[in-house]
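Listed below are the residues making up each chain.
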Amino acid sequence: MAATDAADGTQPQNLALEITDDDAKPRTKTDDSDLSSSVPYSTRLKEVARAFLPMGFIAFGGPQAHIALFLKTFVEGHKWLDEQRFMELMSLGQAMPGPTSTQMATAMGISRAGAAGGMIAFWLFDWVGFIIQLGVGTAIHHFGRSASTTALDTYKMCMLGMGPAAISQVYIAAYTLGSKAVGTDPVKIVLAISTMAVALLVSSAQAAAYVFLGCIVAGGAVTAVDSRRESRKKAYEAALKQPEDKGLLKRIGIPRTAGFGLAVTAILLFVVSQILIYLPAGTFGASSTPGEASGDRYFAIFASLYKMGISIYGGGQVVLPMLEEEFVSRTGYLNTTVGGSLGSQPVDAETFGFGLALAQSMPGPLFNFSSFLGAVAASVPGGIVGFLGLFGPGILLIYAFMPFWEAARQHQWVRTMLVGANAASIGLVFAACVTLGQKYCRNSAEAACMVLAGVLTRFFKLPPPLAIFGCAALCLCLFFLDWAGVHGDWCHVARYGDWDTQVAGAARCAAAH
């Protein structure tokens, strides 16, 4: 190891010849990564399950908060990955279609315990939000085709502090990752600040996704060129050094041929599904009652959501306008085709808004909203195929790419590109600190809970689950202290809850008082 060489002051070549047994080699923190393949496979699977099980309950705040939680848990805590690999995965997630945080969770499970570890991580990270939204969507499908926000107001009151407490981890991650990926290097600082400025200035979510991708690629190109300057060699010393841990491929256990096959499968599923959706109605089984579940409706839900999953960059906020177009104002399909079996409005606008508010208050990725929409349109099977359709492409692609990554990062130009890509990605985290702070901290109670959760985690080393749930409980207590609110009972729910969905109710309360 390089650290051992420096400590002994001997030639690396001589050291490699002299040390022949494990007892003679000192153990360091990085050895855990190198020796993880010696841990029994069943033990590593259990480690993945234990690590991800609580995340299904506490992963509030969106992808940047999720990434901050991963950093705290898997880099600083379990040390499954070093900071360099973690930032590489973050950059790759930003540059690939699909849900970034779910892809990162899956990749970390794969790197620790192979293909099965990835699936365990994927499921445990997503299952809580998926099950709740599937259940609520199914209840609406069977008991009423339209939803009210009355019950949601009470639910949201109980969840007030989850978002503020969770985004405290984003600020901690911005500091930690920024100090590592950017530091005091002027080129990296410019890349991070430029990306942050672009992220804050571009208002359209759909346009922003592709702009972010362009910023990441441009950042990589800048550092790839900059690293070739003699005067800048020292700044890229770590990237220019050949990676030492080559045992990751063995732990992943996915051959490159399988990875290539998965990539081809992801593309073929897209092409085939978009052809089959225009076949005559009844091809996959029709229902005698309009609006009831059928094979055609299941396939139409899957194909519509798979198309989004393979074509979007930027996560849940980008997919929302597309979901609205497909489920609330659906056009482009004749009634005589499989795609037309969903009708012109599978989900009404009120129910869509109810489900969106529910999804935003749930732990896990916003992509879980697909299970709610599918269930409203076609009960439990519809929710399941909707979930698989939206998540499927991103998960297939991360499985496809992982076998190639270790080989790709052996190339010097790839590593130097990642330096700039990482710096640009950190700029997105900086921007998230601004936007999430505005979204979740709209009053002093929420701001206090966010700061307290960050202090407890950063300085008192309290585990994130305890900090998040504890500060959420504190925020609820502060809410009860202000029970009457400024306009009367319950009117202040709008000030604490989701503004867009409750502003109308708040106006009515204000008028009444």
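Look above for the structure.
Below or above, wherever it landed, is the structure these notes cover. (Residues numbered from 1 in each chain as written. Predicted model: local features only at pLDDT ≥ 70, side-chain atom pairs only at ≥ 80, totals over all residues. Heavy atoms only, no water.)

**Focus: the overall build of the chain**
Alright, step 1. The helix and strand tally for the chain stands at 24 helices and zero strands.
Alright, step 2. Counting across all 513 residues of the chain, residues that qualify as buried make up 52%.
Alright, step 3. Sequence-distant contacts in the chain: of pairs separated by 6 or more residues, those separated by 24 or more amount to 74%.
Alright, step 4. For the chain, the exposed area adds up to about 22000 Å²; of that, 66% sits on carbon and sulfur atoms. (Helix = DSSP H or I, 4+ residues; strand = E, 2+ residues; numbered from the N terminus. Buried < 20%, exposed > 50% of the residue type's maximum accessible area, 1.4 Å probe, protein only. Contact = heavy atoms within 4.5 Å. Areas by Shrake-Rupley, 256 points an atom, 1.4 Å probe, with all protein chains shown as cover.)

**Here we look at a nonpolar patch on the surface**
Alright, step 1. Taken together, the side chains of Phe 260, Val 264, Ile 267, Leu 268, Val 271, Val 272, Ile 275 and Phe 404 make up a nonpolar region of the molecular surface, amounting to roughly 700 Å² of accessible area.
Alright, step 2. If you tally residues by element for the nonpolar patch, the top one is helix H15 (residues 256-276), at seven residues.
Alright, step 3. Relative to the helices and strands, Val 264 resides in helix H15. (Patch = residues over 30% accessible without salt bridge, like charges linked within 9 Å, V, L, I, M, F, W, Y side chains within 5 Å. Salt bridge = Lys/Arg side-chain N within 4 Å of Asp/Glu carboxyl O.)

**Focus on the state of the cysteines**
Alright, step 1. Counted by the stated rule, this structure contains zero disulfides.
Alright, step 2. Considering cysteine sulfurs only, Cys 449 is the nearest to Cys 441, which forms no disulfide, with 8.9 Å between them. (Disulfide = S-S within 2.5 Å.)

**Notes on the pattern of salt bridges**
Alright, step 1. By the definition in use, this model includes seven salt bridges.
Alright, step 2. Its salt-bridge partner being Glu 76, residue Lys 72 comes within 3.7 Å of it at the nearest N-O pair. Of this pair, Lys 72 and Glu 76 both sit in helix H6 (residues 63-77), four residues apart, which is roughly one turn of that helix.
Alright, step 3. As a salt-bridge pair, Glu 326 and Lys 307 come within 3.0 Å of each other at their nearest N and O atoms. Within this pair, whereas Glu 326 is found in helix H17 (residues 316-327), its partner Lys 307 is found in helix H16 (residues 295-311), the two being separated by 19 residues in sequence.
Alright, step 4. Exposure remark for Lys 307: the relative accessible area of 24% places this residue in the partly exposed category.

**A few points about the packing of H15 against helix H19 (residues 369-408)**
Alright, step 1. Two elements in contact, H15 and H19, have axes separated by 8 Å at closest approach and are oriented at 145°. Two packed elements cross with a definite hand, and for H15 against H19 that hand is left-handed. Across the interface between the two elements, Arg 256, Gly 259, Phe 260, Leu 262, Ala 263, Ala 266 and Leu 269 from H15 touch Leu 396, Leu 397, Tyr 399, Ala 400, Pro 403, Phe 404 and Ala 407 from H19.
Alright, step 2. For the contact of H15 with H19, the residue count by class is 12 nonpolar, one polar and one charged. (Axes fitted to C-alpha atoms, helices over the stretch in contact; angles between N-to-C directions. Left-handed = near helix turned anticlockwise from the far one by under 90°. Nonpolar A, V, L, I, M, F, W, Y, C, P; charged D, E, K, R; others polar.)

**So, the nonpolar core**
Alright, step 1. Phe 52, Phe 70, Phe 86, Leu 323 and Phe 369 are the most contacted members of the largest nonpolar core, which totals 108 residues.
Alright, step 2. For this core, the element with the highest residue contribution is H19, accounting for 15 residues.
Alright, step 3. With residues near it in sequence (within four places) discarded, Phe 52 still touches Phe 70, Phe 74, Trp 80, Ala 105, Ala 121, Leu 124 and Phe 125.
Alright, step 4. Leu 92, Phe 212, Ile 216 and Leu 418 belong to the second-largest nonpolar core, a separate cluster that totals 11 residues. (Core = buried A, V, L, I, M, F, W, Y, C linked by side-chain atoms within 4.5 Å.)

**A short note on the packing of aromatic side chains**
Alright, step 1. Summed over all chains, the structure comprises 18 aromatic pairs.
Alright, step 2. With a centroid separation of 5.2 Å and 65° between ring planes, the pair formed by Phe 352 and Phe 369 is classed as edge-to-face. Here Phe 352 is found in helix H18 (residues 349-360), whereas its partner Phe 369 is found in helix H19, with 17 residues between them in sequence.
Alright, step 3. Owing to a relative accessible area of 8%, Phe 352 belongs among the buried residues under this scheme.
Alright, step 4. Members of the aromatic cluster, joined through ring pairs, are Phe 122, Trp 123, Phe 130, Phe 367, Phe 387 and Phe 391. (Phe/Tyr/Trp six-rings, centres within 6.5 Å; stacked < 30°, edge-to-face > 60°.)

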